[in-house]
Amino acid sequence: MTFREDGYAAVDWAADYLERVGELPVLARVKPGELSARLPSSPPEQGAPFASVLHDLDELIVPALTNWQHPRFFAYFAVTASEPGILAELLAAAMNQVAILWRASPASTELELRTVDWVRQLLGLPDGWHGHIEDTASTSTLAALIAARHVTGRNAIVCSEHAHSSVEKAARMLRMELRKAPVDGELCMRVPERLDDVAAVVPTVGTTSFGSVDPVRELAERARAAGAWVHVDAAYAGSSWILEEERWSQDGVELADSLVVNPHKWLLVPMDCSLLWTSRPGEFRQAFSLVPEYMRTSDQVDSLADYGPALGRRFRSLKLWAVLRCYGAEGLRAIHREHIRLARLFADWVEADPAWELAAPLRFSLVCFRRRGPDEENEAILERANRSGEIFLSHTRLNGRYVLRLAIGNARTTEADVRRAWEVLNG
Ligand SMILES: Cc1ncc(COP(=O)(O)O)c(C=O)c1O
């Protein structure tokens, strides 16, 4: 077999998978260790044809998949690896660019700067911000907090009690002090009294549990006056700013020192692609730039490795470019509007049924709800629904109470899928 024939077979496999993924169980049905027990414990001595990889994919791997591409995946934040993004990943691997500095991949460096700037324009963010791609929001936030500490020389981070755990993890890795501020009745962070010893304030636009939006403008104004850095975590909800009508949640973001938005969450780009913008690129370079002799050149251009922890950088912009070109802003806006409409529809069913209640205000495409009654009943409903294989939802807690979350983010999700989720939950 040749690369070409194997390649056709791999693309056929991918196309068949995407065609039938809606018939597979959403949540993997295997038990922990089941796949490990079926994999050889030592590596193969002899090479095998690529067809054996595809064979094992069907036999071993697919049964152990939780199918994130399934239209009834509603857990965590539902995502989509769109077809242009999938193909671009294949092409990026073929070219295998290792963008350690501009001359090591002018294409990767310049396409990254341009595509991230396209997204900046689509989201209505300020002119002149510098953006680059990291793997995940966890890394983007870590990088921003490193820059914040470098600039301020301070050691405390302030975020909401509902901020994503990546903020706490970054604080722990950096040995910085984390101060979690309480929230108000709308689950938005209360502005702390004192910020004068704070390195960074991290408001969230679209918290993981509830989609709530912290008061970015007020926090940013107070932080600026106190000499603190402002890093906005809009990993999930930032993509919704492609819609003018969702820009209410952007209020004050223009005052941020840095901002993270993940196209791998809600902009159809396959995992992984996290955009990190800063209005203070010089400070980022001061924090991160370190050029050993073997990388010194006379090229007189920035290297994107000077803006974050990694040196070798993948050609991630290729998939972002492919998605933007193939969908266009119009195509992406239509998908967002539909997801937000479907979330509203589901929330209406919840509100219209006296047996159920919304647990938090509806935000973006995330519905937080519960069956009126004890936590155990809600836990049992979720367990039964997820075991059915038809849908997959996840949960959170609010004031100690068990809350179900329905997150819409897959481009293949239709109204019939959302209706089916409602039926299964009521089944
Ligand atoms: C608000 C928010 N921030 C950060 C993250 C972390 O994202 P990543 O998996 O890209 O590190 C998440 C993940 O869901 C999130 O919801």
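Residues numbered from 1 in each chain as written. Predicted model: local features only at pLDDT ≥ 70, side-chain atom pairs only at ≥ 80, totals over all residues. Heavy atoms only, no water.

With that out of the way, let us pick up unusual backbone geometry. The amide bond that connects M271 to the next residue, D272, takes the cis arrangement and shows omega of 10 degrees. Relative to the elements of secondary structure, D272 occurs in the loop between α9 (263-266) and β7 (274-278). Notably, N96 is not glycine yet its phi reads approximately 40 degrees, a positive angle. As for its placement among the helices and strands, N96 is situated in the loop between α4 (83-95) and α5 (106-123). The class of N96 is exposed, set by a relative accessible area of 55%. For L187, which is not a glycine, the phi torsion comes out positive at approximately 70 degrees. (Helix = DSSP H or I, 4+ residues; strand = E, 2+ residues; numbered from the N terminus. Buried < 20%, exposed > 50% of the residue type's maximum accessible area, 1.4 Å probe, protein only.)

This brings us to the packing of aromatic side chains. With the rule as written, the count across this model stands at 17 aromatic pairs. Taking the centre distance of 5.3 Å and the plane angle of 50 degrees together, the rings of W356 and W422 count as tilted. Here W422 lies in helix α13 (residues 415-426) and W356 lies in strand β8 (residues 356-358), a separation of 66 residues in the sequence. Under the relative-accessibility criterion, W356 is labelled buried at 1%. Judged by its relative accessible area of 14%, W422 falls in the buried class. (Phe/Tyr/Trp six-rings, centres within 6.5 Å; stacked < 30°, edge-to-face > 60°.)

What follows deals with the site of the ligand. Taken together, 13 residues surround the ligand, and among them A137, S138, T208, D233 and N262 come closest. The side chain of S138 places a nitrogen or oxygen atom 2.5 Å from an oxygen atom of the ligand. About the coverage of the ligand: the protein hides 87% of its 390 Å² of free accessible area. Those elements that place two or more of their residues in the shell around the ligand are α6 (137-152) and α9. (Near = heavy atom within 4 Å. Polar contact = N/O pair within 3.5 Å; in protein donor to acceptor, adjacent residues only side chain to side chain. Areas by Shrake-Rupley, 256 points an atom, 1.4 Å probe, with all protein chains shown as cover.)

Here we take up the nonpolar core. Grouped together as the largest cluster of nonpolar side chains are 58 residues, with contacts concentrated most on V205, V232, W241, L259 and W277. For this core, the element with the most residues is helix α11 (residues 317-352), which contributes six residues. Aside from chain neighbours lying at most four places away, what touches L259 is L125, W129, H231, V232, A234, W241, V253, L275, L276 and W277. Formed by 26 residues, the second largest nonpolar core is a distinct cluster that contains L345, V367, Y402 and V424. (Core = buried A, V, L, I, M, F, W, Y, C linked by side-chain atoms within 4.5 Å. Contact = heavy atoms within 4.5 Å.)

For the rest of this paragraph, the subject is the pattern of salt bridges. One pass over the full model with this rule turns up 38 salt bridges. A salt bridge links R120 to D127, with the shortest nitrogen-to-oxygen separation between them at 3.3 Å. On the accessibility criterion, R120 (5% relative accessible area) is buried. Of the charged contacts, one joins R314 and D272 as a salt bridge, the two residues approaching to 3.4 Å between their closest N and O atoms. Note that R314 is positioned in the loop between α10 (281-288) and α11 and D272 in the loop between α9 and β7, a separation of 42 residues in sequence. Where salt bridges share partners, they join E89, D272, R314, R316 and K319 into one cluster. (Salt bridge = Lys/Arg side-chain N within 4 Å of Asp/Glu carboxyl O.)

This next bit is on the packing of α11 against α13. Two elements in contact, α11 and α13, have axes whose closest approach is 10 Å; the angle formed by their N-to-C orientations is 30 degrees. It follows that α11 is roughly parallel to α13 by the angle criterion. Between α11 and α13 lies a crossing of right-handed hand. Contacts between α11 and α13 involve R341, L342, L345, F346, W349 and V350 from the former and E415, V418, R419, W422 and L425 from the latter. In terms of residue class, the contact of α11 with α13 is built from eight nonpolar, no polar and three charged. (Axes fitted to C-alpha atoms, helices over the stretch in contact; angles between N-to-C directions. Parallel < 35°, antiparallel > 145°, perpendicular 65-115°, else oblique. Left-handed = near helix turned anticlockwise from the far one by under 90°. Nonpolar A, V, L, I, M, F, W, Y, C, P; charged D, E, K, R; others polar.)

Below, the discussion takes up the sheet that holds strand β11 (residues 401-407). Strand order in this open sheet of four strands is β8-β9-β11-β10, and the pairing throughout is antiparallel. Two strands lie at the open edges of the sheet, namely β8 and β10 (394-398), each paired on one side alone. Each neighbouring strand pair of the sheet contributes to a mean axis angle of 40 degrees, computed without reference to strand direction. Note that strand β9 (residues 366-371) and β11 share four bridges and pair antiparallel. (Pairing = 2+ DSSP bridges.)

Once that is clear, we can look at the environment of L18. Here L18 is to be found in helix α1 (residues 3-20). Once residues lying within four places of it in the same chain are set aside, the contact partners of L18 are Q69, E83, I86 and R412.

Quick look at the packing of α4 against α11 now. Between α4 and α11, whose axes approach to 8 Å, the crossing angle comes to 145 degrees. The way α4 lies across α11 gives a crossing that is right-handed. The segment α4 lies against α11, with E83, P84, G85, A88, E89, L91, A92 and M95 engaging L318, K319, A322, V323, C326 and Y327. Among the residues forming the contact of α4 with α11, the class breakdown is ten nonpolar, one polar and three charged.

What follows is about the pairing of strand β2 (residues 156-160). Burial of β2 is extensive: five of the five residues sit out of reach of the surface. Following the backbone out of β2, through helix α7 (residues 165-174) and into the adjacent parallel strand β3 (residues 177-181), one traces a crossover that is right-handed. Direction of pairing for β2 relative to strand β4 (residues 198-202): parallel, over a ladder of four bridges. Along β4, the bridge assignment pairs C159 with V202. (Right-handed = clockwise from strand over helix to strand, strands pointing away.)

Listed in full, the buried residues belonging to α7 are S166, V167, A170, A171 and L174. One side of α7 holds all its buried residues, which, seen down the axis, span an arc of 140 degrees. Turned more than 90 degrees from where α7 packs its buried face, K169, R172 and M173 sit exposed. Next to the buried residues of α7 lie α6, β2, β3 and β4. A positive phi of about 55 degrees marks R175, the residue just after α7. (Arc of directions from axis to C-beta.)

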